[in-house]
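Remarks on the overall topology
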Amino acid sequence: MEADDVTRAGVVGVYAKLDFFALHLHHRTEDTVLWDRLATRDPACAAHVDLMRAQHAEVASHLARIEPQLAPWVETADAGLRDTFAADIEVLRDTLYGHLGEEEDDILPVAGAVMSQQEWDELEAHTRATLLAHRKDFPRDVLSLQLGLLLASVPEAERDEWYHANVPAPIRLLYSLLMKRRYDRAMRELYPDRPVPAMF
């Protein structure tokens, strides 16, 4: 991104703010709903839970350093602020890659075995309610963007099966009629020089 392009910085800033919010929400939900239940119901998982808590603290430390950098950069599009912000984002990204991989390998199988469907539904309801409560803080198409990014995170070979198994039919219809276009538009805005990844 060119230095001093405050319009472009503003666009990127909106999505960065959304990413930070989503990361906080994801971790707060797990901290509140998940860890104690897993450690109690499967004591052999306690060491993994302790590691997850420590990694959440590490991510929170990164965010505490990164988030205050966003507004000054958005306001000025200063090249030095941009480069520092981008470097710190890369450190956070690398931390999350390790954390999320261990979470998928060591936590999700246990959670799948010891959590009831009602508890999974409560977790999802907590996430959805929090997003809705903050919807005015983010782009109008935030739910379309969230669903599109979730689908994009599923390996392409598994995406169709996952989509039909996990997304209710009314939402699939809404996605095909409206939400996919909104997701594509958001991706074109965020990545104007790159093709939008092919979805459904």
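Residues numbered from 1 in each chain as written. Predicted model: local features only at pLDDT ≥ 70, side-chain atom pairs only at ≥ 80, totals over all residues. Heavy atoms only, no water.

Here we look at the overall build of the protein
What the protein contains, in helices and strands, is seven helices and zero strands. Each helix (α) and strand (β) of the protein, taken in turn from the N terminus, gives the series α-α-α-α-α-α-α. Against the compact-globule benchmark of 16 Å for 200 residues, the protein has a radius of gyration of 18 Å, which places it among compact chains. For the protein, the spread of C-alpha atoms along the three principal axes comes to 55 × 40 × 35 Å. Within the protein, the fraction of its 200 residues that count as buried is 34%. In the protein, the share of contacts with a sequence separation of at least 24, taken over all contacts with a separation of at least 6, comes to 76%. Counting only carbon and sulfur atoms, one obtains 57% of the accessible surface of the protein, whose full area is about 11,800 Å². In the protein, 21 side chains carry a positive charge and 35 a negative one; their mean positions are 9 Å apart. (Helix = DSSP H or I, 4+ residues; strand = E, 2+ residues; numbered from the N terminus. Rg over C-alpha atoms; globule rule 2.2 N^0.38 Å. Buried < 20%, exposed > 50% of the residue type's maximum accessible area, 1.4 Å probe, protein only. Contact = heavy atoms within 4.5 Å. Areas by Shrake-Rupley, 256 points an atom, 1.4 Å probe, with all protein chains shown as cover. Lys, Arg positive; Asp, Glu negative; His and termini not counted. Charge placed at Lys NZ, Arg CZ, Asp CG, Glu CD.)

Some thoughts on the packing of aromatic side chains
Each aromatic ring pair is described using two quantities: the centre-to-centre distance and the angle formed by the ring planes. Inspection of every chain in the model, using the stated rule, returns three aromatic pairs. Ring centres 5.8 Å apart and planes at 25° place the aromatic pair Trp-73 and Phe-85 in the stacked group. Of this pair, Trp-73 sits in helix H2 (residues 46-76) while Phe-85 sits in helix H3 (residues 79-114); the two residues are 12 residues apart in sequence, bridging distant segments of the chain. Each member of the pair Trp-73 and Phe-85 is classed as buried. Aromatic ring contacts, followed pair by pair, group Phe-20, Trp-73 and Phe-85 into a single cluster. (Phe/Tyr/Trp six-rings, centres within 6.5 Å; stacked < 30°, edge-to-face > 60°.)

A look at the pattern of salt bridges
The final tally for this structure, using the stated rule, is eight salt bridges. In this structure, Arg-53 engages Asp-36 in a salt bridge whose closest nitrogen and oxygen atoms are separated by 2.6 Å. Separated by 17 residues along the polypeptide, Arg-53 in helix H2 and Asp-36 in helix H1 (residues 6-41) bring together distant segments of the chain. Arg-53 sits in the partly exposed class, given a relative accessible area of 32%. Note that Arg-65 is salt-bridged to Asp-88, the shortest N-O span being 3.6 Å. With Arg-65 in helix H2 and Asp-88 in helix H3, the pair connects residues that are 23 residues apart, well separated along the chain. In this structure Asp-88 comes out as buried when scored by relative accessible area, which is 14%. Linked through salt bridges whose partners overlap, the residues forming this network are Arg-37, Arg-41, Glu-119 and Glu-122. (Salt bridge = Lys/Arg side-chain N within 4 Å of Asp/Glu carboxyl O.)

Thoughts on helix H7 (residues 169-190)
Maximal helix bending in H7 amounts to about 60°, located at Tyr-175. Within the sequence span of H7, burial applies to Tyr-175, Met-179, Lys-180, Tyr-183, Asp-184, Ala-186, Met-187 and Leu-190. Here the buried face of H7 lies against H1, helix H5 (142-153) and helix H6 (156-166). (Bend = angle between axes of the 7 residues up to and from the residue.)

Section: the packing of H1 against H7
Where H1 contacts H7, the axes come no closer than 10 Å and their chain directions differ by 130°. Between H1 and H7, the angle falls in the class oblique. Contacts between H1 and H7 involve Arg-8, Val-11, Val-12 and Tyr-15 on the former and, on the latter, Ala-186, Glu-189 and Leu-190. For the contact of H1 with H7, the per-class residue count stands at five nonpolar, no polar and two charged. (Axes fitted to C-alpha atoms, helices over the stretch in contact; angles between N-to-C directions. Parallel < 35°, antiparallel > 145°, perpendicular 65-115°, else oblique. Nonpolar A, V, L, I, M, F, W, Y, C, P; charged D, E, K, R; others polar.)

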